[in-house]
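Geometric and topological summary
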Amino acid sequence: MRKLVVTGGASGVGREFVRQWFTLDGNCQVVIVDPADLPKDLAGDSRVYHWRFDVGDPIAELTLQLHHSGFEADTLVQCAGVNGIASIENLDDGLWDKVMDTNARGLWHMVKAFLPGLRKAENPIVMNVISNASHMPMTDSCVYNASKGAAHIMTLQMARELTRRDGIAVMGVSPNKLSGTAMSDYIDQQVMASRGWTLEEAREYQLNSLLWKKETPTHELAKFMATILSQPETAKWLSGCIIPFGA
């Protein structure tokens, strides 16, 4: 039986990933780490356990929860993420810390907490959801881009340390702007405010930069992730890779 931990599983990519996973593997257990309430379909599923944690919280709290539960995961899927749009002159320490704690520090917290169980598992995998913001400058997005840049290099570093030594495959998936998520709506609102445009103008501007002139469908990204992780013997060869998705 596969045992997965999914951060940010109450919404967005994390929620869609869990749903897609269940279509591929019904005989599993999934711990969702998210401070928010779960949607009804996941909250009522006996295969789902909900740990109300913010991944940026002190590592001692998450380790304590892990100790009491005895849950040893073989797959860690890190989808938790927050955005923070502000010009450099208006960016403050509070926003910086919030975004960096969730998007970067959280990756380390989770891997460190679940490492003992991952070391025991057969074909253990860590997949981190990053972003094309890790390598592409964006308007008024210093802290978000910095956090995703950190997540990118942290993923490569985790692979370097954990694959050869512990047999843990670590990879990243780097999507473009996703459709139908709270973060996508937040970006639209912030672009509109910073440029003095209407909401429609802000959305059109962003869509014109994409090859398909549409946002990346969240469910398609989730399906891609679930398909890869459902084949651990093949997926392990992606360790150390950051996979782009959407253009």
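Going by the structure above, here's the rest.
So, a few notes on the structure that sits alongside this text. (Residues numbered from 1 in each chain as written. Predicted model: local features only at pLDDT ≥ 70, side-chain atom pairs only at ≥ 80, totals over all residues. Heavy atoms only, no water.)

1. Structural notes on the overall build of the chain
Secondary structure summary: the chain contains nine helices and seven strands in total. A compact globule built from 247 residues should have a C-alpha radius of gyration of about 18 Å, and the chain, at 18 Å, falls within 12% of that. Oriented by its inertia axes, the alpha-carbon framework of the chain measures out at about 55 × 35 × 35 Å. Taking the contacts inside the chain whose residues are at least 6 apart along the sequence as the reference set, 70% of them involve residues at least 24 apart. Accessible surface for the chain amounts to roughly 12100 Å². Of this, 54% is attributable to carbon and sulfur atoms. The distance from the centre of the 23 positive side-chain charges to the centre of the 28 negative ones in the chain is 6 Å. (Helix = DSSP H or I, 4+ residues; strand = E, 2+ residues; numbered from the N terminus. Rg over C-alpha atoms; globule rule 2.2 N^0.38 Å. Contact = heavy atoms within 4.5 Å. Areas by Shrake-Rupley, 256 points an atom, 1.4 Å probe, with all protein chains shown as cover. Lys, Arg positive; Asp, Glu negative; His and termini not counted. Charge placed at Lys NZ, Arg CZ, Asp CG, Glu CD.)

2. What about the pattern of salt bridges?
Summed over all chains, the structure comprises twelve salt bridges. Taking the shortest distance from any N to any O, the salt bridge between Glu16 and Arg15 comes out at 3.9 Å. A relative accessible area of 23% places Arg15 in the partly exposed class. Here the salt bridges share partners, and the residues they tie into one network are Arg15, Glu16, Arg19 and Asp41. (Salt bridge = Lys/Arg side-chain N within 4 Å of Asp/Glu carboxyl O. Buried < 20%, exposed > 50% of the residue type's maximum accessible area, 1.4 Å probe, protein only.)

3. Some details on the nonpolar core
Note that soluble globular proteins tend to have their nonpolar side chains buried in a common cluster. By size, the foremost hydrophobic cluster in this structure holds 32 residues, and its most contacted members are Phe17, Val18, Trp21, Phe22, Val30 and Met225. Contributions of two or more residues to this core are made by strand S1 (2-7), helix H1 (12-24), strand S2 (28-33), strand S5 (125-129), strand S6 (169-175), helix H8 (218-229) and strand S7 (242-245). In terms of residues, this core owes the most to one element, H8, which gives six residues. Beyond its immediate stretch of four places on either side in the chain, Val30 contacts Leu4, Val6, Val18, Phe22, Arg47, Val48 and Tyr49. Core analysis: the second largest hydrophobic core is formed by 27 residues, Phe53, Val55, Leu62 and Ile130 among them. (Core = buried A, V, L, I, M, F, W, Y, C linked by side-chain atoms within 4.5 Å.)

4. Remarks on the sheet that holds S1
Judged by pairing direction, the sheet is parallel, and its seven strands sit side by side in the order S3-S2-S1-S4-S5-S6-S7 without closing on themselves. Since the sheet does not close on itself, it has two edges, and those belong to strand S3 (48-51) and S7, each with one partner. Strand after strand, the sheet turns through a mean of 20 degrees between neighbouring axes, direction not considered. Where S6 meets S7, four bridges bridge the pair, whose relative direction is parallel. Of the residues in S7, the one forming a bridge with Val173 is Ile243. Docked against the sheet, H1 engages S1, S2, S3, strand S4 (75-78) and S5, running at close to 160 degrees with respect to S1. (Pairing = 2+ DSSP bridges. Axes fitted to C-alpha atoms, helices over the stretch in contact; angles between N-to-C directions.)

5. Re the environment of Asn103
Note that Asn103 resides in helix H4 (residues 93-120). Not counting chain neighbours up to four residues away, the residues in contact with Asn103 comprise Ala80, Gly81, Val82, Tyr144, Ser147, Lys148 and Ala151. Of the polar contacts made by the side chain of Asn103, one reaches the backbone oxygen of Val82; its length is 2.8 Å. (Polar contact = N/O pair within 3.5 Å; in protein donor to acceptor, adjacent residues only side chain to side chain.)

6. Section: the pairing of S4
For a regular strand, side-chain orientation follows a simple rule: the groups alternate between the two sheet faces. Where burial is concerned, the two faces of S4 agree: the one with Thr75 and Val77 and the one with Leu76 and Gln78 are both buried. Following the chain from S4 across H4 to the adjacent parallel S5, one finds a crossover that is right-handed. (Right-handed = clockwise from strand over helix to strand, strands pointing away.)

All quantities given are derived from atomic positions and should not be read as evidence of function.
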